[in-house]
Amino acid sequence: MAEYLNYIGGKWTRSTSGKTFDSLNPATGKSIGKFQAGNEKDVEKAIDAAEKTLNEWKNTPAPKRGEYLLEIARILRKNKEKLAENMSEEMGKIMKETRGDVQEAIDIFEYMAGEGRRLYGHTTPSELQHKMAFTQRKPVGVVGLITPWNFPMAIPAWKISPALIGGNTIVFKPSSDTPRTAIQLVEIIEEAGVPAGVVNMVTGDAQYVGNTLVKSPRIRGLSFTGSRETGEWITQHAGVKKIGLELGGKNAIIVMDDADLELATNGIIWGAFGTTGQRCTACSRVIVHEKVAKALEEMLVKKTLKLKVGDGRNKNTDVGPLINEKAVEKSIRYASIGRKEGKLLCGGKPLDTAGYFFEPTIFTQVKARATIAQEEIFGPILSIIAVKNLNEAIRVCNSVEYGLSSSIYTNDLTNAMHAIDQIEAGITYVNSSTIGAEVHLPFGGIKKTGNGTREAGIEGIHEFTETKTVYIDYSGKLQKAQGID
Ligand code: NAP
């Protein structure tokens, strides 16, 4: 069984704990390798290494830092197929999707490389003569990155690339469900020649590795993607540092009576059962106009029953396994609640095979306030809620505590514009599913989905840089602002 190591100060090292843990293939339940069970000491060493190289890295011109990012993108592209296959083995997504995950990493490294030649500040006139004013973007310092397993390469890349281009050094803690994918990304960062100590990685339990990163006063910025519960814990324990939180969702697709139902059906199936429902942007609620509810239900069930559930590496598979046993138990629990809160149309149980499989499941006649319509399930369970008109649809859409993604299917421009205006979410799609972010646009949500930061696009740079304001007075005399004489 292969044993994988931590990466600290440019060296692959064992944890001082002397312990390892396994990462399991969710399609079989079998181990794919042994990983370092990191601890507080490993994290402190990684922070030492990151602090040591910070000056050198932040003084490397940003366009030069961009060259490393381009090289990382090139190596990722060269190895895309193998990386996608390994990822599918480690976390279960079908190969079409794991290829997309690697592609998203390539895209963001290329995009952020270009940001090295921009890193825009702004210039603005001074209120005084012979004085100029502008802003610059400066690194935050040593940043901690904590990531989930559902996009095990794309999400780390969404954080590592802006952190690097912004001149920060990094301590990275990946999910314990997907350490191998993270290690393969870090190996590529090393191959691209990124100097030792700039990117450090410690695998291991949240309780030791994650908590130490969160609480350390030497970590100046912390970027976290994961569950709301963990996000809330981080908010309470991180102390004074810059924090970015990308948390859960309870995303809805509204289908109006004028919509193209075939198009809507395809979008809903992709949004609800893609990644086995384990996306923060997954569609878990369909809010449908009552006039077309019955027709849409029939179309959804017909297509859902045709989906093939199985190993993600198998060419014919449409829906892979859930990530682990706990996730299957969670889906079983919500399916049981759903049987009381709505009418089961299809699915509703785990597959009777090895691995962590659960049938794509649809409930109808669900009330907007039902538990399955309110809580993030993170599994292949969809609720259908019928409404009388657009106003009610938007009210139902906004009745959850999250606000990440949303969508409306309609051929009426007025409906679409009202939805765009009134839906409370960071992202709204029109005639497209709730998933499908592009790296040059900001990504993130409102309400309990986060704390206002955005990843990707130009705004993704803000999470990893501080603003410096500069005044240059070339009048040769003491000038005072606010008209003070
Ligand atoms: P999670 O349990 O919160 O874990 C995420 C990461 O945080 C893992 O690396 C985990 O480590 C670590 N962690 C857990 N508790 C911690 C603590 N107290 N201190 C420091 N680190 C801690 O979330 P998940 O189950 O992996 O991911 C699913 C969630 O992520 C869903 O809610 C989903 O909506 C959300 N998500 C959001 C976005 C977005 O952009 N908004 C994108 C993807 C996923 P271990 O693995 O060692 O436990």
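Throughout, residues of each chain are indexed from 1 in the direction in which the sequence is written. Reporting of local features is limited, given that this is a predicted model, to residues whose pLDDT is at least 70; pairs of side-chain atoms are given and counted only at 80 or more, and all residues count toward the totals for whole chains, interfaces and linings. Based on all heavy atoms of the structure, the side-chain values leave hydrogens and waters out of the count.

1. So, the UniProt feature "domain: Aldehyde dehydrogenase" (unreviewed entry) in the chain
UniProt positions are given in the numbering used here, feature names are shortened, and annotations may be inferred rather than shown by experiment. With numbering matched to this structure, UniProt assigns "domain: Aldehyde dehydrogenase" (unreviewed entry) to residues 12–470. Span residues 12–470 is 41% helix and 21% strand, its end C-alpha atoms 41 Å apart. Numbering of helices and strands starts at the N terminus; helices are DSSP runs of H or I of at least 4 residues and strands are runs of E of at least 2.

2. Notes on the packing of aromatic side chains
The pairing test for Phe, Tyr and Trp rings, Trp by its six-membered ring, is centres within 6.5 Å, and the orientation test on the planes gives stacked under 30 degrees, edge-to-face over 60, and tilted for anything in between. Considering all chains together, one arrives at six aromatic pairs under this definition. Note on Y7 and W12: the rings are 4.6 Å apart at their centroids and 40 degrees apart in plane angle, and the pair reads as tilted. On the basis of an interplanar angle of 85 degrees and a centroid distance of 5.3 Å, the ring pair of W158 and F443 is categorised as edge-to-face. Taken together, the residues W158 in helix α5 (residues 154–165) and F443 in the loop between β19 (427–430) and β20 (446–447) connect sequence positions 285 residues apart.

3. Examining the sheet that holds strand β16 (residues 381–387)
By way of backbone hydrogen bonds, the strands of a sheet pair with one another, either parallel or antiparallel. Strand pairing follows a simple DSSP-based rule, namely that at least 2 bridges must link the two strands. Pairing within the open sheet is mixed, and its seven strands lie in the order β14-β15-β16-β13-β12-β18-β19. Unpaired on one side and paired on the other, β14 (343–346) and β19 mark the two borders of the sheet. Within the sheet, the average angular offset between the axes of one strand and its neighbour, ignoring direction, is 20 degrees. Across four bridges, strand β12 (residues 251–255) lies against strand β18 (residues 405–409) in parallel orientation. Angles shown run from 0 to 180 degrees and are taken between the N-to-C directions of axes, each axis being a line fitted to C-alpha atoms and, for helices, limited to the stretch in contact.

4. Topic: the side chain of T203
As for its position among the elements, T203 is in the loop between β9 (199–201) and α7 (206–215). On the basis of relative accessibility, which here comes to 2%, the residue T203 falls in the buried class. Think of a polar contact as two N or O atoms within 3.5 Å of one another; within protein, one of them needs to be a possible hydrogen donor and the other a possible acceptor, and neighboring residues in sequence only count if both atoms come from side chains. At 2.7 Å, the side chain of T203 forms a polar contact with the backbone oxygen of Q36. Throughout, a residue-residue contact means that at least one pair of heavy atoms, one from each residue, lies within 4.5 Å. For T203, the contacting residues outside a window of four places in its chain are N6, F21, F35, Q36, A37, G38, P174, P179, I183 and V209. Only protein chains enter the accessibility calculation, which uses a 1.4 Å probe. A residue is then buried if its area is under 20% of the maximum for its type, exposed if over 50%, and partly exposed in between.

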